[in-house]
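Given next are the chains, with one letter for each unit.
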Protein chains: 2
Amino acid sequence: MRVVEIVERKRDGAKLSAGEIDRIVLGYAKGEVPDYQMAAFLMAVVWRGMDDEETAQLTDAMVRSGERLDLSRFGRVVDKHSTGGIGDKVTLVVAPLVAACGAPVAKMSGRGLGITGGTLDKLESFRGYRVDLTTRELLAQLERIGIVVTGQTKELAPADGLMYALRDQTGTVPAIPLIASSIMSKKIAAGAHAVVLDVKVGAGAFMRTLARAKELARLMVAIGKAHGLEVTAELTAMDAPLGRAVGNALEAAEAIATLRGEGPSDLREVALAAGAEMLFYARRARTRAAGRALLEAAIADGGGLAKLRALVAAQGGDATMVDDPSRLPRARRVEELRAERAAYVARLDAAGIGLASVRLGAGREKKGDPIDHATGVVLRAKVGDRVAKGQVYAEVHRDDAPGDAEALDLVRRAFSWKSERVARPKLVLGRLTSSR
Amino acid sequence: MRVVEIVERKRDGAKLSAGEIDRIVLGYAKGEVPDYQMAAFLMAVVWRGMDDEETAQLTDAMVRSGERLDLSRFGRVVDKHSTGGIGDKVTLVVAPLVAACGAPVAKMSGRGLGITGGTLDKLESFRGYRVDLTTRELLAQLERIGIVVTGQTKELAPADGLMYALRDQTGTVPAIPLIASSIMSKKIAAGAHAVVLDVKVGAGAFMRTLARAKELARLMVAIGKAHGLEVTAELTAMDAPLGRAVGNALEAAEAIATLRGEGPSDLREVALAAGAEMLFYARRARTRAAGRALLEAAIADGGGLAKLRALVAAQGGDATMVDDPSRLPRARRVEELRAERAAYVARLDAAGIGLASVRLGAGREKKGDPIDHATGVVLRAKVGDRVAKGQVYAEVHRDDAPGDAEALDLVRRAFSWKSERVARPKLVLGRLTSSR
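So, a few notes on the structure that sits alongside this text. Computed from a prediction, not measured in an experiment: that's the story for all the values here. (Residues numbered from 1 in each chain as written. Chains lettered and ligands numbered in written order. Predicted model: local features only at pLDDT ≥ 70, side-chain atom pairs only at ≥ 80, totals over all residues. Heavy atoms only, no water.)

**Description of the environment of Arg144(A)**
Part 1: By the element assignment, Arg144(A) lies in helix α7 (residues 135-145).
Part 2: A C-alpha to C-alpha distance of 9.4 Å links Arg144(A) and Ala314(A), two positions 170 residues apart in sequence. (Helix = DSSP H or I, 4+ residues; strand = E, 2+ residues; numbered from the N terminus.)

**Quick notes on the packing of helix α2 (residues 18-29) of chain B against helix α8 (residues 158-170) of chain B**
Residues and elements named next belong to chain B.
Part 1: Put simply, α2 and α8 touch, their axes get as near as 8 Å, and they point 90° apart. Taken together, the axes of α2 and α8 are roughly perpendicular relative to one another. Residues Val25, Tyr28 and Ala29 of α2 lie in contact with α8, whose contacting residues are Ala159, Leu162, Met163 and Leu166.
Part 2: Residues of the contact of α2 with α8, tallied by class, amount to 7 nonpolar, no polar and no charged. (Axes fitted to C-alpha atoms, helices over the stretch in contact; angles between N-to-C directions. Parallel < 35°, antiparallel > 145°, perpendicular 65-115°, else oblique. Contact = heavy atoms within 4.5 Å. Nonpolar A, V, L, I, M, F, W, Y, C, P; charged D, E, K, R; others polar.)

**Focus: the nonpolar core**
Part 1: Phe126(B), Leu348(B), Ile353(B) and Val411(B) are the most contacted members of the largest nonpolar core, which totals 82 residues.
Part 2: Here this core gets 10 residues from one element, more than from any other, and that element is helix α12 (residues 265-281) of chain B.
Part 3: Taken domain by domain, the makeup of this core includes at least three residues from each of domain 2 (72-325 + 429-433) and domain 3 (330-418) of chain B.
Part 4: Judged by nonpolar contacts, the second largest core, of 81 residues, contains Ile145(A), Leu305(A), Leu348(A) and Val377(A). (Core = buried A, V, L, I, M, F, W, Y, C linked by side-chain atoms within 4.5 Å. Buried < 20%, exposed > 50% of the residue type's maximum accessible area, 1.4 Å probe, protein only. Domains from an automatic or database assignment.)

**Describing the sheet that holds strand β6 (residues 245-246) of chain A**
Residues and elements named next belong to chain A.
Part 1: The strand order across the open sheet formed by 4 strands is β6-β9-β11-β7, and the pairing between neighbours is antiparallel. Of all the strands in the sheet, just β6 and β7 (333-338) have a single pairing partner and so form its edges.
Part 2: The sheet contact formed by strand β9 (residues 376-379) and strand β11 (residues 392-398) spans 4 bridges and is antiparallel. Following the sheet pairing, Leu379 is matched in β11 by Ala394. (Pairing = 2+ DSSP bridges.)

**Remarks on the sheet that holds strand β7 (residues 333-338) of chain B**
All names here are of chain B.
Part 1: Reading across from one edge, β6-β9-β11-β7 is the order of the 4 strands in this open sheet, with antiparallel pairing throughout. Strands at the two margins of the open sheet, each flanked by one partner only, are β6 (245-246) and β7.
Part 2: Bridge count for β7 against strand β11 (residues 392-398) is 6 bridges, and the pairing is antiparallel. Residue pairing in the sheet places Arg338 in a bridge with Val392 of β11.

Okay, here's the thing in structure tokens:
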């Protein structure tokens with residue numbers, strides 16, 4: 001079968017066989033299928049979709065395009081993944097906590113792009129932190145301290161890496177089967193036995209509606225099942241940023257505060273829910289409630305913070321910053337925005353805050369752009385909070401970038417105000433799971 | 001605006017501006033837009049379509065990607081185009097006839113691909129016939145003898161040439177706006193003031209249904225109007241082959257017979273209808289009926305045949321073959337298929353006959369394949385004809401190709417038989433025109 005016929009079959013809405021999917025995906029990874037045929041195929045998938053079986057086979061082909069880590073000697077390895085939002089520093093909190101509770105954590109994370117931040121960028125706020133561990137280094141560190149957070153190695157799911165880069169250039173990003181297979185292929189190739197997914201929903205997330213988020217969650221759970229993985233997907237709100245800090249070092253500091261029991265309640269809540277699920281899947285807790293209790297203890301006794309310190313040190317970062325966050329990169333100026341009148345925060349637009357942080361230099365417009373780890377936004381008021389006239393509701397941490405004025409304006413416009421009391425929004429919107 | 005955003009807008013069903021269409025089409029022709037972005041764009045167009053205005057702008061961008069011939073010193077230049085069918089040798093008949101009636105004919109034709117034959121291949125049956133004239137040679141010959149039939153020069157609508165090659169490899173051929181703009185951009189760039197289109201409909205044509213053929217015809221007429229051209233589209237049946245001969249030299253011989261007044265009635269009818277329209281548009285006849293009378297006179301007095309002889313000689317071909325078609329390439333063997341019982345031909349599947357001719361070597365599976373000019377099929381009975389038991393209903397002209405046995409079987413199966421009388425099918429199914 002010629003590759004163009006596979007493209008034509010998908011164009012005409014047919015269901016592809018495993019052999020056809022292998023042909024195009026593995027052929028593409030080997031360089032036998034040209035970019036233009038893959039691009040046409042991807043657009044046909046955006047148009048026609050793929051059913052669960054096709055998506056599982058697509059994921060499988062991506063996994064088989066490269067190496068698959070075998071981590072079974074470490075016991076049940078549980079991974080987590082967030083579909084990305086503004087202020088999402090959950091990994092920096094939950095990975096150390098879960099590792100502190102005895103479950104091995106080998107997490108491959110990504111960089112920020114556009115309005116969405118990336119865990120690797122946040123960790124690089126700890127001067128010297130390396131995100132390019134080899135597989136050998138990863139395994140040695142996991143053995144020694146039970147936690148690794150690094151970039152994806154090229155050997156894992158290379159077809160996904162190639163397809164992802166092409167999707168970005170061809171308008172073929174927003175197809176749920178492509179998103180689901182991209183995420184799950186990396187998790188499966190990285191050796192996970194179980195995955196806890198945080199599917200973000202709302203104005204600051206890739207999934208704008210609950211219906212689409214549910215479909216993505218359902219599909220990822222189905223793919224996991226087809227590959228023998230346990231999967232839970234939490235659907236959480238991303239209309240407003242998570243926590244109060246947006247920007248790399250600011251978020252690292254907020255993660256440290258949370259590990260000290262002093263973090264914002266929404267961040268703590270999302271981290272504890274994900275962590276409890278991870279401990280359950282790692283067989284370190286018999287129930288979620290028991291898992292949650294273990295995590296709370298690891299906050300109270302400083303075990304989580306110690307694990308973050310060990311992680312940063314192991315990967316070459318400046319661990320003294322963990323104990324003294326004031327040593328993290330700091331912006332030259334902090335601009336305070338003050339309320340013009342007493343009012344309640346009615347809405348807080350995550351996308352606006354995310355874009356402001358890009359303008360401040362904290363994010364990147366395109367891959368490879370340098371970023372400023374110090375800049376960002378701190379939200380001193382969130383939805384439902386009341387501020388008095390003249391009270392500071394946001395801080396803009398800036399380093400005199402050309403986009404500063406626009407950033408200040410974006411932050412101002414991200415807040416909507418109301419005279420009457422406003423209910424605090426719901427955070428967890430749903431949960432799908434493979435096992436219970 | 002980034003090119004990927006243009007792709008995304010079409011993916012989301014938006015109407016593109018002239019500037020956006022220029023950006024992607026002219027950028028592609030210059031090599032600034034990569035194949036993969038164009039491939040994704042083309043699949044998005046297959047999915048979402050384009051309205052008349054977008055299609056006219058797409059055509060215009062294709063024309064502006066290269067040179068545009070100015071033939072106005074020759075008077076009103078009328079081109080013709082067929083969307084392609086089996087046994088369609090109309091150009092070989094109508095171009096000499098129209099030129100004999102005093103209207104200049106500068107026709108750029110194509111090669112056969114798949115089951116559809118090509119005018120250039122048919123003309124190359126005249127040993128030595130050149131199809132690669134330069135623009136300068138084309139103009140000189142048009143001046144001298146009033147007729148040229150050659151291949152498209154690379155300078156005309158190069159964006160179309162590049163996009164057409166990419167469509168073939170990416171499953172993006174069957175989109176009516178892409179088909180219409182591809183045809184019309186070449187006609188406009190080649191300097192036509194009017195175009196007579198033959199849109200084939202049926203099992204042996206690219207347009208299988210009358211509805212799709214009408215839509216293609218309507219769109220091409222609209223594009224022509226938007227560019228100031230007069231356009232008529234005839235919709236003609238292509239369930240059975242046109243005429244009796246299928247295969248290059250066999251078709252050349254049939255064209256010669258038709259110019260002598262001895263051709264099959266369906267071929268003669270389609271040629272006279274198209275030619276009358278061409279003479280009308282060229283201002284050589286005040287009515288279609290008058291045009292038809294001129295053409296019939298050019299058959300009767302041998303003027304058409306003389307013009308074909310002049311054409312073949314001018315382009316380096318062996319003109320003696322025009323006067324003695326037995327000198328055209330001839331296959332080694334002629335296999336006669338005989339009726340097993342007395343019956344009427346109920347159906348005659350053009351696609352089956354076309355595929356048989358490919359198997360015999362008369363057509364090509366993919367671009368650049370060599371072909372055998374001698375082989376093919378002659379249909380001694382057509383739909384509605386009655387054959388006696390043992391009577392020959394088809395000849396298979398073969399040169400011992402590996403596909404001969406399959407070809408014979410295909411020809412046999414292309415005929416359906418009935419004991420009762422069968423009506424002869426309608427040939428002209430409709431007509432759309434820009435001007436009356």
